[in-house]
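Chain by chain, the residues:
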Amino acid sequence: MEQFLLLIFLALGGSTLAGSVKVVNQGNEALVERLGSYNKKLEPGLNFVVPFLDKIVYQQTIREKVLDIPPQKCITRDNVGIEVDAVVYWRIVDMEKAWYKVENLQSAMTNLVLTQIRSEMGQLELDETFTARSQINEILLRDLDIATDPWGVKVTRVELRDIIPSQAVRESMELQMSAERRRRAAILNSEGEREAAVNSARGKAEAQILDAEARQKSLVLQAEAEQKAIVLKAQAERQQQVLKAQAIAESAEIIAQKINSQPSASKALEVLFALGYLDMGATIGKSDSSKVMFIDPRTIPAAFEGIRSIVSDTNVDSNAWLGREIPDVNGQ
C-alpha cells in the first residue's frame, strides 16, 4: 500500500514538474496569466511557471508576417468601379498589446486595410490610380502604421497588387488607348514630314548661299584678274613707250652729233624725214576705213628748215629736242 502511494506521489510530482517547465521556440513569445490576470511574458528558451496557477494564454511569432487582402470593390472619384487587392507585411512588436488591446488581431487588420484602401481610392480618379501607385502605397503604409500602433503592431510594407476596372471600363480604355496611339502616330508622321521639309528647304537655302558665294568669289577673282591684266598691260605699254622714247632720244642724239660733226648729214636727215612722212601716209592708207589725205608739198622744205635750225643749236640738249625729260627703262 505504501509503495502504491509512493508511486502516486512520484507520478503527481513528475507531472507537476513537467507542467512547470515551458520551452518557447526562437522567434516566438508567450503570455502567462496567473489566476486570470496578466503575469509575465515568456522569452525564447527555457521558462518556468507555477503549476495549476499559471496558464499560457497567447503564444505567437514576432517575425514578419504577410497579410493577403482579398479583392475589394472600390469607387473612384470619377464614379468608376474597380477591384483592388493588396499585400501587407507586418509583425508584432508588443505581444501584450496585441493580445489585450484587440480581439482577433488579423481580422481587425484585414478590415482596417480594406477601409483604408476604399478611402484612398475614393479620393483619386481612375487614371491616377494607375500612375500614382507608389504614392498610394506610401500613404497606406503611413496610415496603417499609425492606426495599428495601439495594437502593438508594426506595418513594414504595403503593396497594391492588382487594380482591375470593370469590363465596360476596360473596353472604353482600350478604345481610348487605340485612339491615342493613332493620334500619336499621326503627330509623329506630321512631325517627320515637317522636319523633312525643313531639312530640304534648309539644304536648298544652304546650296543657294554656297552657289552665290561661289559666284561672288568667281566674280571677285575675275575682277582681280582683269585688274591685274589691265595693270600689267598698262605697265607693258608704259615700258614700251619708255623704251621707244629712249630709242628716239638716243637716235636723236646720234643724229644731232652726226649733223654737228658733218654738215652734209643734214641732207640725209631731210631724206629720212621725208621717207618717214611718206611711210606714215602709207600706214594710214592701209586701214579698212576709206579716207582722203591732203599733203602740201610746199610744207616739206619748211619742215626740213625747222629741223635744221633746231639741230644746229649745239647748246641745246638732245632731250630738250623732244620737249621733255626722257625717263630711263626703270621709269626714273
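Everything below is about the structure printed above this text.
A brief report on the enclosed structure follows. Keep in mind that this is a model prediction, so the values were computed, not measured. (Residues numbered from 1 in each chain as written. Predicted model: local features only at pLDDT ≥ 70, side-chain atom pairs only at ≥ 80, totals over all residues. Heavy atoms only, no water.)

## Details of the sheet that holds strand 5 (residues 54-61)
Test applied: By the convention used here, strands pair only if DSSP detects at least 2 bridges between them. Going along the chain from the N terminus, every DSSP run of H or I of four or more residues is numbered as a helix, and every run of E of two or more is numbered as a strand. Helix axes are fitted only over the stretch in contact, all axes being lines through C-alpha atoms; the angle between N-to-C directions runs from 0 to 180 degrees.
Taken together, the three strands give an open sheet; going across it, the order is 3-2-5, and neighbouring strands pair in antiparallel fashion. Whereas interior strands pair on both sides, the edge strands pair on one side only; in this sheet they are strand 3 (37-42) and strand 5. Between one strand axis and the next, the sheet turns by 25 degrees as a mean value, whatever way the strands run. When strand 2 (residues 28-34) meets strand 5, the two strands line up antiparallel, connected through seven bridges. When the bridges of strand 5 are listed, Glu29 appears paired with Gln60.

## Some points on the packing of aromatic side chains
The following threshold applies: When two rings of Phe, Tyr or Trp (its six-membered ring) have centres within 6.5 Å they constitute a pair, described as stacked for plane angles under 30 degrees, edge-to-face for angles over 60, and tilted for the intermediate range. Exposed residues in this analysis have more than 50% of their type's maximum accessible area, buried residues have under 20%, and partly exposed residues fall in between, with area computed by a 1.4 Å probe over protein chains only.
Applying the stated criterion to the full structure yields two aromatic pairs. On the basis of an interplanar angle of 75 degrees and a centroid distance of 5.8 Å, the ring pair of Tyr38 and Tyr100 is categorised as edge-to-face. A residue pair is termed long-range when its members are at least 10 positions apart, and Tyr38 in strand 3 and Tyr100 in helix 2 (residues 95-100) qualify at 62 residues. Ring geometry for Tyr58 versus Trp99: centroids 4.7 Å apart, planes at 25 degrees, classification stacked. In this pair, Tyr58 sits in strand 5 while Trp99 sits in helix 2, placing the two residues 41 residues apart along the sequence. Accessibility expressed as a relative area gives 13% for Tyr58, which makes it buried.

## A look at the environment of Leu46
Operational definition: Residues are treated as being in contact if the distance between any of their heavy atoms lies within 4.5 Å.
Inspection of the secondary structure assignment puts Leu46 in strand 4 (residues 45-48). We classify Leu46 as exposed; its relative accessible area is 56%. As a C-alpha pair, Leu46 and Val21 span 25 residues in sequence and 7.2 Å in three-dimensional space. Once residues within four sequence positions are removed from consideration, Leu46 is found in contact with Val21, Lys22 and Val23.

## Description of the pattern of salt bridges
Put simply, the rule is: Each reported salt bridge corresponds to a side-chain nitrogen of Lys or Arg within 4 Å of a carboxyl oxygen of Asp or Glu.
Throughout the structure, instances matching the rule amount to 11 salt bridges. Arg183 is the salt-bridge partner of Glu180, the closest N and O atoms lying 2.4 Å from each other. Here Glu180 pairs with Arg183, and both are found in helix 6 (residues 167-261), just three residues apart, close to one helical turn. Overall, the relative accessible area of 22% leaves Glu180 in the partly exposed class. Taking relative accessible area as the criterion, Arg183 reaches 43% and is therefore assigned partly exposed. Its salt-bridge partner being Arg215, residue Asp211 comes within 2.1 Å of it at the nearest N-O pair. Here Asp211 pairs with Arg215, and both are found in helix 6, just four residues apart, close to one helical turn. Under the relative-accessibility criterion, Arg215 is labelled partly exposed at 47%.

## Points about a nonpolar patch on the surface
To be explicit about the condition: Patch construction takes residues with relative accessible area above 30% that form no salt bridge. Like charges are linked within 9 Å, and nonpolar side chains (Val, Leu, Ile, Met, Phe, Trp, Tyr) are linked within 5 Å. Surface accessibility in these figures is a Shrake-Rupley result with a 1.4 Å probe; residues are shielded only by whichever protein chains are displayed.
Together, Val23, Leu46 and Phe48 make up a nonpolar patch on the protein surface, roughly 340 Å² of accessible area in all. Relative to the helices and strands, Phe48 is located in strand 4.

## Notes on helix 3 (residues 105-122)
The following threshold applies: What a helix is expected to span follows from its residue count: subtract one and scale by 1.5 Å.
For helix 3, which comprises 18 residues, the first-to-last C-alpha distance of 26 Å matches the rise-based estimate of 26 Å (1.5 Å per residue) to within 8%. Buried residues belonging to helix 3 abut strand 6 (65-75), strand 7 (81-92), helix 2, helix 4 (126-131), helix 5 (133-148) and strand 8 (153-165).

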